[in-house]
Amino acid sequence: MTIVYDFMILALLFSSGSMLGWCIEVFYRRFKPANKERVWINPGFLCGPCLPLYGFGLTLLYLLAALEKYIDIDNDVLRKTLLFILMAAAMTFIELIAGEVFIIRRHLKLWDYSEMRFNYKGVICLRFSVYWALLGAVYYFFIHPRILNGLEWFSKNLLFSFVIGMFYGILIIDLSYSFKLTAKIKTFAEENEMVIRYEELKKQIRMAAEERREKYRFIKAFESERSLLEQMKEYMEKQRELAKSGGFNDFIDLKLRNKKKD
């Protein structure tokens, strides 16, 4: 029973982190300086309100916080500082693995830190590692104690597991739809030697829809009156214009160098 209970706790943490992270990212993208139009943007590669990266992150923060008692440092400040550094390193590692997998396997870049200093492949950067450390501290002092109380309530209300079951059922459907969609984008990207910035592609589709006075979908951003292939071809033309002018673009370096030679 203990194993089942522990599994349900981790499942609850993952689902809660995924949805909470999605809410954080929605508001962050809405009010960040680059979004001058203040439009609502659906983050991530899934359609629904779920960012698995944050789900894994919250689960990992919970596990790391439980390991504090094993850090053999008497000074309370130093011990917690080391814990927050470990949290930042763990979150950065998750970000790196997720980013690399999508670049290599799907020819997609779900986020891009290329314009920030001290970045690696635009997937991780020092600034966000610092943010992860701060987030770890916020989690430790303000969220972790409440999670422990919430888990005690959960242990006495196991019927809530049906709600978790519904979340994972919807997640499986969303994953199936989204992976079929990204498979089409991957095929196009491979044929044209590109690593497509997912957010930039969604932005292009939104702007094209506004120009044509067409309906733009917040949840299913790639569904419109035009086919996905047409939208990706238009996106590629924009990237070619950037390549010709020497601007940052989605073409793989070898192809970009060839264009500059021309």
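Residues numbered from 1 in each chain as written. Predicted model: local features only at pLDDT ≥ 70, side-chain atom pairs only at ≥ 80, totals over all residues. Heavy atoms only, no water.

Caption draft 1: The pattern of salt bridges, seen in detail. All chains considered together, the criterion is met by 14 salt bridges. Linking R29 and E25 is a salt bridge whose minimum nitrogen-to-oxygen distance equals 2.1 Å. Taken together, the residues span about one helical turn, with R29 and E25 both in helix α1 (residues 2–31) at a distance of four residues. Here R29 and E25 have matching classes, each one buried. (Salt bridge = Lys/Arg side-chain N within 4 Å of Asp/Glu carboxyl O. Helix = DSSP H or I, 4+ residues; strand = E, 2+ residues; numbered from the N terminus. Buried < 20%, exposed > 50% of the residue type's maximum accessible area, 1.4 Å probe, protein only.)

Caption draft 2: Structural view of the packing of helix α5 (residues 161–191) against helix α7 (residues 228–244). At a closest axis distance of 11 Å, the pairing of α5 and α7 adopts a crossing angle of 45°. One finds that α5 runs oblique with respect to α7. Of the two elements, α5 crosses α7, and the hand of that crossing is right-handed. Here L181, K184, I185 and F188 of α5 come into contact with α7, specifically with L228, L229, M232, K233 and M236. Class assignment of the residues belonging to the contact of α5 with α7 gives a composition of seven nonpolar, no polar and two charged. (Axes fitted to C-alpha atoms, helices over the stretch in contact; angles between N-to-C directions. Parallel < 35°, antiparallel > 145°, perpendicular 65-115°, else oblique. Left-handed = near helix turned anticlockwise from the far one by under 90°. Contact = heavy atoms within 4.5 Å. Nonpolar A, V, L, I, M, F, W, Y, C, P; charged D, E, K, R; others polar.)

Caption draft 3: Spotlight on unusual backbone geometry. Phi at R38 takes a positive value of approximately 55°, unusual for a residue other than glycine. For R38, the position within the fold is in the loop between α1 and α2 (52–66). Although it is not a glycine, F118 adopts a positive phi angle of roughly 55°.

Caption draft 4: Layout of the environment of G57. Mapped onto the fold, G57 is located in helix α2. A relative accessible area of 0% places G57 in the buried class. C-alpha separation for the pair G57 and E95, spaced 38 residues apart in sequence, amounts to 9.2 Å. Residue contacts for G57: discarding those within four places in its chain leaves M91 and I94.

Caption draft 5: Region of interest: the nonpolar core. In this structure, I185 and I196 are the most contacted members of the largest nonpolar core, which totals 62 residues. Of all the secondary structure elements, the ones that give two or more residues to this core are α1, α2, α3 (76–106), β3 (124–125), α4 (126–156), α5, α6 (198–211) and α7. Other than its neighbours up to four places away in sequence, I185 contacts L108, I196, Y198, L201, F222, L228 and M232. (Core = buried A, V, L, I, M, F, W, Y, C linked by side-chain atoms within 4.5 Å.)

Caption draft 6: Highlighting the side chain of K109. With respect to the secondary-structure elements, K109 resides in strand β1 (residues 108–109). Once residues within four sequence positions are removed from consideration, K109 is found in contact with I103, S114, K121, G122, V195, I196, R197 and Y198.

Caption draft 7: Region of interest: a nonpolar patch on the surface. Residues F118, L126, V130, Y131 and L134 make up a contiguous nonpolar surface patch of about 520 Å² in total accessible area. Positionally, Y131 belongs in helix α4. Judged by relative accessible area, Y131 falls into the partly exposed class, the value being 39%. (Patch = residues over 30% accessible without salt bridge, like charges linked within 9 Å, V, L, I, M, F, W, Y side chains within 5 Å. Areas by Shrake-Rupley, 256 points an atom, 1.4 Å probe, with all protein chains shown as cover.)

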